[in-house]
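Topology and contacts: notes
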Amino acid sequence: MNTVNAPVGTVCVAMVTPFHADGSLDVDSAQKLARHLVDSGVDSILVSGTTGESPTTYQPEKDELTAAVVEAVGGDAFVLAGAGSNDTAHAVRIAKRAEECGADGLLVVAPYYNRPSQLGLRAHVEAIANGTTLPITLYDIPGRTGLAFADETIDYLAQSDRIVAVKDATGKTEQGLTRMDRTGLAWYSGDDGLNFSFLNGGASGVISVVGHVAGSDYRAMVDAVRGGRTDEALAIHRKLRPLVEAIMGTGQGAVLVKHALHMQGVIPEPTVRLPLVEAESHQLDNLSQVMADLDLI
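Residues numbered from 1 in each chain as written. Predicted model: local features only at pLDDT ≥ 70, side-chain atom pairs only at ≥ 80, totals over all residues. Heavy atoms only, no water.

**Topic: the overall build of the protein**
- Helix and strand counts for the protein stand at twelve helices and eight strands.
- In terms of overall dimensions, the protein has C-alpha extents of about 50 × 45 × 35 Å along its principal axes.
- Here the protein holds 297 residues, and the buried ones make up 55% of them.
- Contacts in the protein between residues far apart in sequence, at least 24 positions, make up 70% of those at least 6 positions apart.
- By element, 49% of the accessible surface of the protein is carried by carbon and sulfur atoms, the whole surface being about 12,100 Å².
- Across the protein, the mean location of the 22 positive side-chain charges is 4 Å away from that of the 37 negative side-chain charges. (Helix = DSSP H or I, 4+ residues; strand = E, 2+ residues; numbered from the N terminus. Buried < 20%, exposed > 50% of the residue type's maximum accessible area, 1.4 Å probe, protein only. Contact = heavy atoms within 4.5 Å. Areas by Shrake-Rupley, 256 points an atom, 1.4 Å probe, with all protein chains shown as cover. Lys, Arg positive; Asp, Glu negative; His and termini not counted. Charge placed at Lys NZ, Arg CZ, Asp CG, Glu CD.)

**Some thoughts on the pattern of salt bridges**
- Under the defined criterion, the tally for this structure stands at 14 salt bridges.
- A salt bridge links Arg-35 to Asp-76; the shortest N-O distance between them is 3.0 Å. In this pair, Arg-35 sits in helix H1 (residues 27-39) while Asp-76 sits in the loop between helix H2 (59-73) and strand E3 (78-82), placing the two residues 41 residues apart along the sequence.
- For Asp-76, a relative accessible area of 46% gives the class partly exposed.
- Salt-bridge contacts for Lys-258 lead to Glu-53; the nearest nitrogen and oxygen are separated by 2.7 Å. Of this pair, Lys-258 sits in helix H11 (residues 253-264) while Glu-53 sits in the loop between strand E2 (44-47) and H2, and the two are 205 residues apart along the sequence.
- Among the residues examined, Glu-53 registers a relative accessible area of 3% and is labelled buried. (Salt bridge = Lys/Arg side-chain N within 4 Å of Asp/Glu carboxyl O.)

**Concerning the nonpolar core**
- Membership of the largest hydrophobic core comes to 80 residues, with the highest contact counts inside it found for Met-15, Ile-45, Val-69, Leu-106, Leu-138, Leu-243 and Ile-247.
- In this structure, Val-8, Phe-78, Ala-165 and Ile-207 belong to the second largest nonpolar core, which totals 16 residues. (Core = buried A, V, L, I, M, F, W, Y, C linked by side-chain atoms within 4.5 Å.)

**Points about the environment of Ile-45**
- Relative to the assigned elements, Ile-45 resides in strand E2.
- Using a relative accessible area of 0% as the deciding quantity, one classes Ile-45 as buried.
- Excluding residues within four positions of it along the chain, Ile-45 makes contact with Cys-12, Val-13, Met-15, Ala-34, Leu-37, Val-38, Val-69, Val-73, Phe-78, Val-79 and Leu-80.

**Digging into the packing of helix H10 (residues 230-248) against helix H12 (residues 281-293)**
- Look at H10 against H12: their axes get within 9 Å of each other, and the N-to-C directions meet at 155°. Accordingly, the angle class assigned to the pair H10 and H12 is roughly antiparallel. Of the two elements, H10 crosses H12, and the hand of that crossing is left-handed. Only Asn-286, Leu-287, Val-290 and Met-291 of H12 make contact with H10, whose side of the interface consists of Pro-242, Leu-243, Ala-246 and Ile-247.
- Partitioning the contact of H10 with H12 into residue classes produces seven nonpolar, one polar and no charged. (Axes fitted to C-alpha atoms, helices over the stretch in contact; angles between N-to-C directions. Parallel < 35°, antiparallel > 145°, perpendicular 65-115°, else oblique. Left-handed = near helix turned anticlockwise from the far one by under 90°. Nonpolar A, V, L, I, M, F, W, Y, C, P; charged D, E, K, R; others polar.)

**Observations concerning unusual backbone geometry**
- For the peptide bond that leads from Leu-274 to Pro-275, omega is 15°, which places it in the cis range.
- Structurally, the position occupied by Pro-275 is in the loop between H11 and H12.
- Located in the positive-phi region is Arg-115, a residue other than glycine, with phi close to 45°.
- Inspection of the secondary structure puts Arg-115 in the loop between strand E4 (105-109) and helix H4 (118-131).
- Judged by relative accessible area, Arg-115 falls into the exposed class, the value being 54%.
- Positioned with a positive phi, Asp-295 is a non-glycine residue whose angle comes to about 60°.
- When you line up the elements, Asp-295 lands in the segment after H12.

Structural data, given as structure tokens:
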């Protein structure tokens, strides 16, 4: 079996944030969901990421959610907390509170909308690193932020022992694998459609949305790749392709995966906060059919 550097686990799920029907935070369901994910083979959970609707959850809610997930699965799973903001001072506050609430590491996304220079991006990450003692995973997703991590920025930040990994959602597999080899950072697929490609190229693991309902499959895929059973991993990839498309194909993964969890009875409500809205009927019909075909409901 191949030995892979995996400082934040190998199968991480970017966990949704459950809400009650009135839109308030459902902490009990968050704890039950976290436990459910770990029981399915997940060894790392990301709270307050984009899929967790971090843009519309507030600081006290983020803290409550982090502490609750740590209480539910701490010790059994690595708890990664999103510390994303385009206000560096606010990102530092989020990071500090996540550490105080027991998080094991931080996910830091590039500042969005104000789109600083690469020097500004570097300074943003360094400010968060200097504000806490937790290991940091960089999140490169220019399709949402409008700001990609340049090669020189990745190379510079990789020199810090505080920067341990990258979640790659650029859609550029070869670029990511080249950066991984050059920097020695742990690399994680941030795009479920590319999980097999990244893993087969030596990535440490996945940070998944579809893993909410296919955690055991992604655990099997990671183990198969590590064990040199490429055909087995490829078969899992092909099996899950319709599910990945049903959940992620609209660009509304947080919305669709909440509905998927609701269909399974894992969370009581698929509630999202505006500006997200519930899925359209044809999307739900397709999702239901795909999940039924895979015996997931």
